[in-house]
Amino acid sequence: MRPIVIVSVHDVAPGTAAATERWLDLLDSRGVPASLLVVPGPWRGHALRDDPTLVSALHDAADRGYEISLHGYTHSADNRSAGIGIPRALSGRVLARGCAEFAAIDRGEASKRIAAGLDELRSLGFTVTGFTPPGWLQSPGALEALSATDLRYTTTQWHVRELTSWRRLRIPALSHRPDSPWSATAAQALVQVGKRRLDRGRAIRLALHPRDLEDDRLLRATLCLVDHALHLGARFTTYERLVQRWFVPGADRVVA
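Conventions and cut-offs
Residues numbered from 1 in each chain as written. Predicted model: local features only at pLDDT ≥ 70, side-chain atom pairs only at ≥ 80, totals over all residues. Heavy atoms only, no water. Axes fitted to C-alpha atoms, helices over the stretch in contact; angles between N-to-C directions. Helix = DSSP H or I, 4+ residues; strand = E, 2+ residues; numbered from the N terminus. Left-handed = near helix turned anticlockwise from the far one by under 90°. Contact = heavy atoms within 4.5 Å. Nonpolar A, V, L, I, M, F, W, Y, C, P; charged D, E, K, R; others polar. Buried < 20%, exposed > 50% of the residue type's maximum accessible area, 1.4 Å probe, protein only. Expected span 1.5 Å × (residues − 1). Arc of directions from axis to C-beta. Polar contact = N/O pair within 3.5 Å; in protein donor to acceptor, adjacent residues only side chain to side chain. Core = buried A, V, L, I, M, F, W, Y, C linked by side-chain atoms within 4.5 Å. Right-handed = clockwise from strand over helix to strand, strands pointing away. Pairing = 2+ DSSP bridges. Salt bridge = Lys/Arg side-chain N within 4 Å of Asp/Glu carboxyl O.

Q: Sorry, what's going on with the packing of helix H1 (residues 17-28) against helix H7 (residues 216-231) here?
A: Geometry of a packed helix pair, given as the angle between the helix axes and the separation of the axes. Relative to each other, H1 and H7 sit at 35°, their axes nearing to 12 Å. H7 is crossed by H1, and the crossing has right-handed handedness. When H1 is examined against H7, the residues Arg22, Trp23 and Leu26 are found in contact with a partner set consisting of Leu219, Thr222 and Leu223. Considering only residue class, the contact of H1 with H7 consists of four nonpolar, one polar and one charged.

Q: Would you mind going over the environment of Ala145 with me for this structure?
A: If you trace the backbone, Ala145 turns up in helix H5 (residues 140-147). Note on Ala145: relative accessible area 2%, which makes it buried. In sequence terms Ala145 and Ile114 are 31 residues apart; their C-alpha atoms lie 8.1 Å from each other.

Q: Got a minute to help me understand helix H4 (residues 107-123) in this structure?
A: The α-helix winds at 3.6 residues per turn, so residues separated by three or four positions along the chain end up facing the same way. Here H4 is 17 residues long and its end C-alpha atoms lie 24 Å apart, about the 24 Å a rise of 1.5 Å per residue gives. Those residues of H4 not exposed but buried are Glu109, Ala110, Arg113, Ile114, Gly117, Leu118, Glu120 and Leu121. Angularly, the buried residues of H4 cover 160° about the axis, an arc narrow enough to put them on a single face. For H4, the exposed residues lying more than 90 degrees away from the buried face are Lys112 and Asp119. Lining the buried residues of H4 we find strand S2 (35-38), strand S3 (67-70) and H5. The opening residue of H4 is Asp106, an N-cap whose side-chain oxygen sits 3.3 Å from the backbone nitrogen of Gly108.

Q: Please clarify how unusual backbone geometry should be interpreted in this entry.
A: A negative phi angle is the norm for most residues apart from glycine, just as the trans form is the norm for most peptide bonds. A positive phi angle is found at Arg44, which is not glycine, with a value near 55°. For Arg44, a relative accessible area of 54% translates into the label exposed. With a phi close to 60°, Trp136 is a non-glycine residue in the positive phi region. Topologically, Trp136 is positioned in the loop between strand S4 (130-131) and H5. A relative accessible area of 11% means that Trp136 is categorised as buried.

Q: Sorry if this is basic, but what is going on with the nonpolar core here?
A: Residues Val7, Leu36, Leu48, Leu58 and Phe126 are the most contacted members of the largest nonpolar core, which totals 54 residues. Considering each element in turn, this core owes the most residues, seven residues, to H7. Filtering out sequence-adjacent residues up to four positions away, Leu58 remains in contact with Val12, Leu36, Val38, Leu48, Ile68 and Phe126. Core analysis: the next-biggest nonpolar cluster, separate from the first, contains 13 residues, Ile6, Leu169, Tyr239 and Val254 among them.

Q: Help me understand the pairing of S2, please; the structure alone is not making it clear to me.
A: Taken residue by residue, a regular strand's side chains alternate between the two faces of the sheet. Of the two faces of S2, the one holding Ser35 and Leu37 and the one holding Leu36 and Val38 are both buried throughout. Following the backbone out of strand S1 (residues 4-12), through H1 and into the adjacent parallel S2, one traces a crossover that is right-handed. As judged from the four bridges shared by S2 and S3, these two strands associate in the parallel manner. Within S3, the residue paired with Leu37 across the bridge is Ser69. Taking the sense of rotation as the criterion, the β-α-β connection linking S2, helix H2 (residues 52-63) and S3 turns out right-handed.

Q: Looking at this structure, I do not really get the environment of Asp227. What am I missing?
A: The residue Asp227 is located in helix H7 in this model. Once the C-alpha coordinates of Asp227 and Arg30 are considered, the two residues, 197 residues apart in sequence, prove to be 8.2 Å apart.

Q: Could you clarify how one ought to interpret the pattern of salt bridges in this entry?
A: Pairing between side chains of opposite charge can happen when the charged atoms of each approach one another. Enumeration according to the criterion identifies nine salt bridges in this entry. Across the salt bridge formed by Asp227 and Arg30, the nearest N and O atoms sit 2.8 Å from each other. Of this pair, Asp227 sits in helix H7 while Arg30 sits in the loop between H1 and S2; the two residues are 197 residues apart in sequence, bridging distant segments of the chain. For Arg30, a relative accessible area of 24% corresponds to the partly exposed category. With a closest N to O distance of 3.2 Å, Glu101 and Arg113 form a salt bridge. Taken together, the positions of Glu101 in the loop between helix H3 (86-95) and H4 and Arg113 in helix H4 put the pair 12 residues apart, joining distant regions of the chain.

Encoded structure:
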């Protein structure tokens, strides 16, 4: 069975526009579509609408088969989340490097941020059906807030969850940690784990971040895994198309 691969480009925003453009070039050269996880609100000084060049590039990418997906509103946690729980706040700082916007907020605050992000993206002409929280971290309140929206799916580092049926697919997201002293060793482990799953016909998710481009070893590892999947004839898809195809009665089973 041909394995399924979902590539996602994280942290798409004006402050990371150059990295997004490079990832698009690398993926386009291989004919690989991806889910672009966009931060529409003010992050690192600018909101998405402040960068018409990036907005235009994202529309062009959508026309080529990329998906535009919501990735929080401001991407960053703030002191309004501090009262929800010390363990969640600490995990946000450690696992998401301070960018765990939805890790420790209540339903009301999550609803406001999700609505603001969707309104912003849709006002710029984008169709949005899914949400991935920064760092893949979201509180129970955030998950409750998502259930009240018209979004179709959300993701964690281990699952893709359909929000109507609440069914889940367990597909791990493989990603680098460029700020780790063991990042190069971890990158090789990522390649080996990814290849092993692909060789067995199992699905993977590959998460790309702006800082991965700063280390040639991480970039080579990523492209090695993408090229291996292409060699195997893997089916590259987006989150949106995955949910449309496999979360319906009678759908083919995803080997996860």
